[in-house]
Amino acid sequence: MDEMEFWELVDASREAAEGDPEEQADVLVERLLQLDPESVVDFARHFESRFNRSYRWDLWGAAWVLLDGASDDVFDSFRCWLIGQGRHVFEGALHDPDSLADLLEEFDEEIDGDGEELGYAADEAYEQLTGTETPDLGIPPAPAEPEGTPFDLENESVLAERYPGLWDRFRA
């Protein structure tokens, strides 16, 4: 599975689920079950590498603004959700996290921002296909600390300054 096929599966599952992240995870598992186990492992590699790439302080700040706070676990779920939004939103957020203010049409913090189940979709499909756990993906592990320079996520004036678009749209 190449990168284009990965994003096509992500986009198709999001569209079929009408943007609901939990439903998207279910649809994604169904679609992955139509593939061979090695393709499911390839999907898992693509997902995990993007999950690791998004472990950054600047994205954590954006998640903090959108969700009005984000613990470690919440940030992990946010990163899964961000991947689930598709290539355009994901890459745009990596380039400039504040651009999420323009990239997201709607954001309901009750449903959006939590894509934890998306992070397990490939594992679930692989287990259903083979009866075994997903093998080691052979990619470097996530860094111990987020990439970039840490800053005080609980300081509202820092957040408002760093993320003016997100702050104005979702917190002002």
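Refer to the structure above for everything that follows.
Residues numbered from 1 in each chain as written. Predicted model: local features only at pLDDT ≥ 70, side-chain atom pairs only at ≥ 80, totals over all residues. Heavy atoms only, no water.

S.K.: Looking at this structure, I do not really get the overall build of the chain. What am I missing?
M.R.: A tally of regular secondary structure across the chain gives ten helices and zero strands. Starting at the N terminus and walking to the C terminus, you meet the elements of the chain as α-α-α-α-α-α-α-α-α-α. Against the compact-globule benchmark of 16 Å for 172 residues, the chain has a radius of gyration of 16 Å, which places it among compact chains. Projected onto its principal axes, the C-alpha positions of the chain cover 50 × 35 × 25 Å. (Helix = DSSP H or I, 4+ residues; strand = E, 2+ residues; numbered from the N terminus. Rg over C-alpha atoms; globule rule 2.2 N^0.38 Å.)

S.K.: Just to check I follow, could you spell out helix H4 (residues 57–67) for this structure?
M.R.: In an α-helix there are 3.6 residues to a turn, and that puts residues three or four apart on one side. Within H4, ten of the eleven residues are buried, which leaves the element mostly enclosed by the surrounding structure. Trp 57, Leu 59, Trp 60, Gly 61, Ala 62, Ala 63, Trp 64, Val 65, Leu 66 and Leu 67 are the residues of H4 that are buried. Where H4 is buried, its residues touch helix H5 (72–84), helix H6 (87–95), helix H7 (100–103), helix H9 (156–162) and helix H10 (164–170). Just downstream of H4, Asp 68 is the residue with a positive phi angle, here 55°. (Buried < 20%, exposed > 50% of the residue type's maximum accessible area, 1.4 Å probe, protein only. Contact = heavy atoms within 4.5 Å.)

S.K.: Sorry, what's going on with the layout of surface pockets here?
M.R.: A water-sized probe rolled over the atoms picks out the places where empty space is left. Quantified by volume, the largest pocket comes out at close to 400 Å³. Lining the largest pocket we find 17 residues, and of these Arg 14, Gly 19, Gln 85, Glu 105 and Glu 106 sit closest to its centre. For the lining of the largest pocket, the elements supplying multiple residues, two or more each, are helix H1 (3–16) and H6. For the lining of the largest pocket, the per-class residue count stands at six nonpolar, three polar and eight charged. A volume near 320 Å³ is recorded for the second largest pocket. Around the second largest pocket, the lining is made up of 17 residues, and of these Glu 48, Phe 51, Cys 80, Gly 119 and Tyr 120 lie nearest the centre. Of all the secondary structure elements, the ones that give two or more residues to the lining of the second largest pocket are helix H3 (37–53), H5 and helix H8 (121–130). (1 Å grid on protein atoms, 1.4 Å probe; cavity = no way out; pocket = protein on both sides within 12 Å on 5 of 7 lines; lining within 4 Å. Points joined across faces, edges and corners; volume = space filled by probe spheres on them. Nonpolar A, V, L, I, M, F, W, Y, C, P; charged D, E, K, R; others polar.)

S.K.: Would you explain the pattern of salt bridges in this entry?
M.R.: Pairing between side chains of opposite charge can happen when their charged atoms approach one another. In total, this model carries nine salt bridges according to the counting rule given. A salt bridge links Arg 45 to Glu 38; the shortest N-O distance between them is 3.5 Å. A relative accessible area of 26% means that Arg 45 is categorised as partly exposed. Residue Arg 53 is joined to Glu 91 by a salt bridge in which the shortest nitrogen-to-oxygen separation is 3.0 Å. Residue Arg 53 is found in helix H3, and its partner Glu 91 is found in helix H6; the two are separated by 38 residues along the sequence. (Salt bridge = Lys/Arg side-chain N within 4 Å of Asp/Glu carboxyl O.)

S.K.: What should I look at first to understand the side chain of Asp 98 in this one?
M.R.: In this fold, Asp 98 is placed in the loop between H6 and H7. No salt bridge is formed by the buried Asp 98; its nearest oppositely charged neighbour, Arg 162, is found at 9.5 Å. Polar side-chain contacts of Asp 98 include one of 3.0 Å to the backbone nitrogen of Gly 165. Separated by 2.9 Å, the side chain of Asp 98 and the backbone nitrogen of Leu 166 make a polar contact. If we ignore the near neighbours within four places in the chain, the residues touching Asp 98 are Arg 162, Tyr 163, Pro 164, Gly 165 and Leu 166. (Lys, Arg positive; Asp, Glu negative; His and termini not counted. Polar contact = N/O pair within 3.5 Å; in protein donor to acceptor, adjacent residues only side chain to side chain.)

S.K.: How should I be thinking about the packing of H3 against H8 in this particular structure?
M.R.: Here H3 crosses H8 at 165°, and the two axes come no closer than 9 Å. What the angle tells us is that H3 and H8 run roughly antiparallel. The two elements H3 and H8 cross, and the hand of that crossing is left-handed. Together, Pro 37, Val 40, Val 41, Phe 43 and Ala 44 of H3 and Ala 122, Ala 125, Tyr 126, Leu 129 and Thr 130 of H8 make up the contact between the two elements. Split into classes, the residues belonging to the contact of H3 with H8 amount to nine nonpolar, one polar and no charged. (Axes fitted to C-alpha atoms, helices over the stretch in contact; angles between N-to-C directions. Parallel < 35°, antiparallel > 145°, perpendicular 65-115°, else oblique. Left-handed = near helix turned anticlockwise from the far one by under 90°.)

This is a description of form; function is not addressed.
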